[in-house]
Amino acid sequence: MRIPLDYYRILGLPLAASDEQLRQAYSDRIVQLPRREYSQAAISSRKQLIEEAYVVLSDPKQRSTYDHLYLAHAYDPDNLAAAAVALENSPESTKRGSNTQSLGIEITQDELVGALLILQELGEYELVLKLGRPYLVNKNGATSPRKGNNLAEEEIHESAEHPDVVLTVALACLELGREQWQQGHYENAAISLETGQELLVREGLFASVQAEIQADLYKLRPYRILELLALPQEKTAERSQGLELLQNLLEDRGGIDGTNNDDSGLNIDDFLRFIQQLRNHLTVAEQHKLFEAQSKRPSAVATYLAVYALIARGFAQRQPALIRQARQMLMRLGKRQDVHLEQSLCALLLGQTEEATRVLELSQEYEALAFIREKSQDSPDLLPGLCLYAEQWLQHEVFPHFRDLANQQAFLKDYFANQQVQAYLEALPTDAETTNEWAVINPQNFPQPQTNNLPFPKNSTRTPKQFNHNRTPDLDLPDTPEYSNFSPPMWNSSGNVKSEVPAAERTSRGTKEHLNGSVKSATPAHNQKRRRRKPAPSPIRERLPDNRPHSRRPRRRRTFANTIEGKTRLVWRVFISLVSILVFWVLATTTFGWLKNLFFPTRPAPVSQLFVQINQPPISIPDPNSQPQGLDGSLTDAAAEEVIRTWLSTKAEALGPNHEIDNLEQILTGSALSQWRLIAQQARSDNRYRKYEHSVKVESVEKIDLFADRATVVATVKEATQLYENGQFKNSSNENLRVRYDLIRQRGKWRIQSASVVNQIIR
């Protein structure tokens, strides 16, 4: 067998190497031994080839002949006649290692392992696979017919070299996979590693090498997931493989915020950054399926991400049933954190305007409330500002995290004008029934979604399926329980729906008027008649239909207060009593003040003089080294760096030993505040804390022309982390990340709305 090796490559020397360099290289190669898994026969075969190369190159005459042949192949491969003549006059050792047609060495079958070992040490992994695989295939194919004749002799022949060849090929796959890993070809690296592992498993050899390859496959798994899911959506097979790897990773880890060891080398912070980076490569349907399944562990982080996916998919695909399911999941989260703003937005998208306004008042998101109130100054309620905030929230905080919705616009007018949405909203319960439903579910700790909230009549033929006949089908996505769990309309004793104004019509009419700038909604005449008995506090407040059976209403006796004359007299009595009390209070306070001034006159307060010192200025003079702020309040590089440093110190306090979670509200807002508050609460409940050391360098500050109060900052963050669990040190990590921060100015202060890692998650 001829191997494409020359003597200079075997010793690792250039053509012009001196005799001293030749002796040193030979000594180094002899002392350098391969892995301990190799047999003594393989080591001896390698040593024999090294000695042969040294013998030829150490003899001046043989080296001259070999150099002539070497140069002829390198610079004049078409004229090899002179090289052939020189080869005929050379010693036998030179003839064995040379050929006029190809520069290489001729080896026997027993020397194959040594040659493959040398090629592997030179980094020729693909050449090792090219020479080793045919040998393994031929050996496996050639042994079966001869086993009946001389089985013992064949087994002895295989045991001498076969395991070493298998080991060399497997190690070549391992090293080739690591090279491809460093080059960023993660799936090709996994194929190389799996090839070597399958070879060792099939042969049942070298368990330690199998474990080494498996460890690399575990660490490679997050990279493979990102590479596969970033492929175009047309490559369904590759993306399905990436989703399967992600499911296996989550199972091994015990969920998104699990603490099991998945052998990937990612701590909790790294894994959360990995999930955040992964979301940009998943569609809304894929995130819906993934995070909804993970939320059942239960997991607060997965539940919150599932809520975002449900709202985004429900709005984009005009499926309000998904938004209602998201609202039910927010009810389960309500016990652990403030999610009233998200609950209010869900109620708005479900057409329940009174419930949206009521829940919004309970929220502690003061910046969002200030924006909503500012946009609703000319309105008796907060609906105009809430509608505008909902559109911006969907456009800038929800849709960008889904690859199929990143460029989609969010318009409430088009959403409520959809017939499928109107049909579903018409069947929803009223605001009063929704309030009772929230009061029952909210105190519970992560219950399962309730089905059949309101009973169907036995003789009813109306089913929930009629509202979902236009739903976009999913690819192998399980049916969502919410599709069949929405509450039907209230039924009276005659079996007919008792609703004088459809809910969808009320919602779409009110929403369109708010989007067009009008804050008053028209009310039908028959509704005004029904409202005389108990006026609503708001002109656009929807009435609650009386759906109780007429046969169960108790008869009331006609008393004096029920007659018109009695009501009029009662009102006058109450009015006269209030006026009398007011007049008496004014007279009493006036008389008391006159008597007090008469008998106890008050002394005039001393006039305070202005205290001014010569050596102290009356106002503070700014430091000459301080950075001036722009007149328009724009974000400078120094101000951006200060915001990021404030965030990193606040993060260290929130995840530190004292878990100062409330400080997060001073620097974060929106989804970033909700997610990091969940992370900090989970760390405190698990009795874990971290110590950080940070350094920040701002690379660029990009201002958004459309929104003067928004900016994007790209910065390099060096983060050193020490993890402690139950007061004991667990591990540490040092990372150098390039992070993109989305900033928003609220009440004159810049806050971080979202953050994402730009570079790779592991270095």
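Coordinates for the structure precede this section.
The structure presented is a predicted model; accordingly, all values stated were derived computationally and were not measured.

Quick word on the overall build of the chain
- Looking only at helices and strands, the chain has 27 helices and six strands in total.
- Out of the 763 residues in the chain, the part that is buried amounts to 45%.
- Considering only contacts within the chain whose residues lie at least 6 apart along the sequence, 66% involve residues at least 24 apart.
- Accessible area for the chain stands at about 41300 Å²; split by element, carbon and sulfur atoms hold 52% of it.

Some thoughts on the side chain of D381
- Relative to the helices and strands, D381 resides in the loop between α18 (366-375) and α19 (383-398).
- From its side chain, D381 meets the backbone nitrogen of L383 in a polar contact 3.3 Å long.

Examining the sheet that holds strand β5 (residues 728-746)
- Within the open sheet, the four strands sit side by side as β3-β4-β5-β6. Their pairing is antiparallel. At either end of the open sheet lies a strand with only one pairing partner, and these are β3 (688-703) and β6 (749-757). For this sheet, the mean angle separating the axes of adjacent strands, direction not counted, is 30°.
- Sheet analysis places strand β4 (residues 710-725) next to β5, joined by 16 bridges and oriented antiparallel. Looking at the pairing, A715 lines up with V739 of β5.

Concerning the pairing of β4
- The element β4 is extensively covered by neighbouring structure, given that 12 of its 16 residues are classed as buried.
- Sheet topology note: the β3/β4 ladder contains 15 bridges and is antiparallel. Residue pairing in the sheet places S700 in a bridge with V714 of β4.
- Hairpin connection from β4 to β5: two residues lie between these consecutive antiparallel strands, with N726 at a positive phi of about 55°.

As for the environment of E52
- One can find E52 in helix α3 (residues 40-58).
- Through-space distance from the C-alpha of E52 to that of I10 is 9.7 Å; in sequence the pair is 42 residues apart.
- Among the polar contacts listed, one links the side chain of E52 to the side chain of Y7, at a separation of 2.7 Å.

Description of the environment of I644
- The topology assignment puts I644 in helix α26 (residues 637-654).
- Residues I644 and I667, 23 residues apart in the sequence, show an inter-C-alpha distance of 8.9 Å.
- Apart from the residues within four sequence positions on either side, I644 is in contact with V696, V698, V713, A715 and Y741.

Side note on unusual backbone geometry
- Going from R297 to P298, the amide bond is cis rather than trans, its omega being 10°.
- Residue placement: P298 occurs in the loop between α13 (284-294) and α14 (300-316).
- Its identity is not glycine, yet H659 carries a phi of approximately 50°, on the positive side.
- As for its placement among the helices and strands, H659 is situated in the loop between α26 and α27 (670-685).

Some details on the packing of helix α11 (residues 236-253) against α13
- Relative to each other, α11 and α13 sit at 15°, their axes nearing to 12 Å. By the angle between their axes, α11 is roughly parallel relative to α13. Classified by chirality, the crossing of α13 by α11 is right-handed. The segment α11 lies against α13, with R239, L243, L246, Q247 and L250 engaging E286, L290 and Q294.
- Each residue belonging to the contact of α11 with α13 can be placed in one class, and the counts come to four nonpolar, two polar and two charged.

Structural notes on a nonpolar patch on the surface
- A surface patch of nonpolar side chains, about 610 Å² in accessible area, is lined by W572, F575, I576, V579, V583 and L587.
- Inspection of the secondary structure puts F575 in helix α25 (residues 564-599).
- Take F575: its relative accessible area is 48%, and that puts it in the partly exposed class.

Points about empty space enclosed by the protein
- Taken as a whole and assessed by the stated rule, the structure comprises 11 cavities of 30 Å³ or more.
- In this structure, the largest cavity encloses a volume near 540 Å³.
- Every residue lining the largest cavity is counted, 32 residues in all, and those nearest its centre are R273, Q276, Q675, W676 and A755.
- Those elements that place two or more of their residues in the lining of the largest cavity are α12 (268-279), α14, α26, α27, β4, β5 and β6.
- In terms of residues, the lining of the largest cavity owes the most to one element, α12, which gives seven residues.
- For the lining of the largest cavity, the residue count by class is 20 nonpolar, seven polar and five charged.

Brief notes about the pairing of β6
- Two strands pair when backbone bridges link them, and β5 and β6 are joined in this way by eight bridges, in the antiparallel orientation. Across the sheet, residue L743 finds its bridge partner in β6, namely I752.
- From the end of β5 to the start of β6, which pair antiparallel, there are two residues, and R747 there has a positive phi angle of about 55°.

As for the pattern of salt bridges
- One pass over the full model with this rule turns up 32 salt bridges.
- In this structure, R63 and D19 form a salt bridge, with 3.7 Å as the shortest nitrogen-oxygen distance. Residue R63 is located in helix α4 (residues 60-75), and its partner D19 is located in helix α2 (residues 19-31); the two are separated by 44 residues in the primary sequence.
- Residue R63 is classed as buried on the basis of its relative accessible area, which comes to 12%.
- Between E355 and R358 there is a salt bridge; the shortest N-O distance is 2.5 Å. Residue E355 and its partner R358 are both found in helix α17 (residues 353-360); the two are separated by three residues, about one turn of the helix.
- The exposure class of R358 is partly exposed, given its relative accessible area of 37%.
- Each of the salt bridges in this network shares a partner with another, and the network as a whole consists of R35, E37, E175, R178, E212 and D216.

Brief notes about the packing of helix α10 (residues 207-229) against α12
- One can describe the packing of α10 onto α12 by two numbers: an axis separation of 10 Å at closest approach and a directional angle of 10°. The angle between α10 and α12 falls in the class roughly parallel. Contact with α10, carried on its side by P222, I225, L226 and L229, involves F274, Q277 and L278 of α12 and no other residues of that element.
- Within the contact of α10 with α12, the residues separate by chemical class into six nonpolar, one polar and no charged.

Focus on the packing of aromatic side chains
- Following the criterion strictly, the structure yields 17 aromatic pairs and no others.
- Consider the rings of W647 and W676, whose centres lie 5.2 Å apart with planes at 65°: the pair is edge-to-face. Taken together, the positions of W647 in helix α26 and W676 in helix α27 put the pair 29 residues apart, joining distant regions of the chain.
- Centroid distance Y689 to Y724: 5.0 Å. Interplanar angle 10°. Geometry classified as stacked. Residue Y689 is located in strand β3, and its partner Y724 is located in strand β4; the two are separated by 35 residues in the primary sequence.
- Overall, Y689 belongs to the buried group, its relative accessible area being 16%.

Conventions we followed
Residues numbered from 1 in each chain as written. Predicted model: local features only at pLDDT ≥ 70, side-chain atom pairs only at ≥ 80, totals over all residues. Heavy atoms only, no water. Helix = DSSP H or I, 4+ residues; strand = E, 2+ residues; numbered from the N terminus. Buried < 20%, exposed > 50% of the residue type's maximum accessible area, 1.4 Å probe, protein only. Contact = heavy atoms within 4.5 Å. Areas by Shrake-Rupley, 256 points an atom, 1.4 Å probe, with all protein chains shown as cover. Polar contact = N/O pair within 3.5 Å; in protein donor to acceptor, adjacent residues only side chain to side chain. Pairing = 2+ DSSP bridges. Axes fitted to C-alpha atoms, helices over the stretch in contact; angles between N-to-C directions. Parallel < 35°, antiparallel > 145°, perpendicular 65-115°, else oblique. Left-handed = near helix turned anticlockwise from the far one by under 90°. Nonpolar A, V, L, I, M, F, W, Y, C, P; charged D, E, K, R; others polar. Patch = residues over 30% accessible without salt bridge, like charges linked within 9 Å, V, L, I, M, F, W, Y side chains within 5 Å. Salt bridge = Lys/Arg side-chain N within 4 Å of Asp/Glu carboxyl O. 1 Å grid on protein atoms, 1.4 Å probe; cavity = no way out; pocket = protein on both sides within 12 Å on 5 of 7 lines; lining within 4 Å. Points joined across faces, edges and corners; volume = space filled by probe spheres on them. Phe/Tyr/Trp six-rings, centres within 6.5 Å; stacked < 30°, edge-to-face > 60°.

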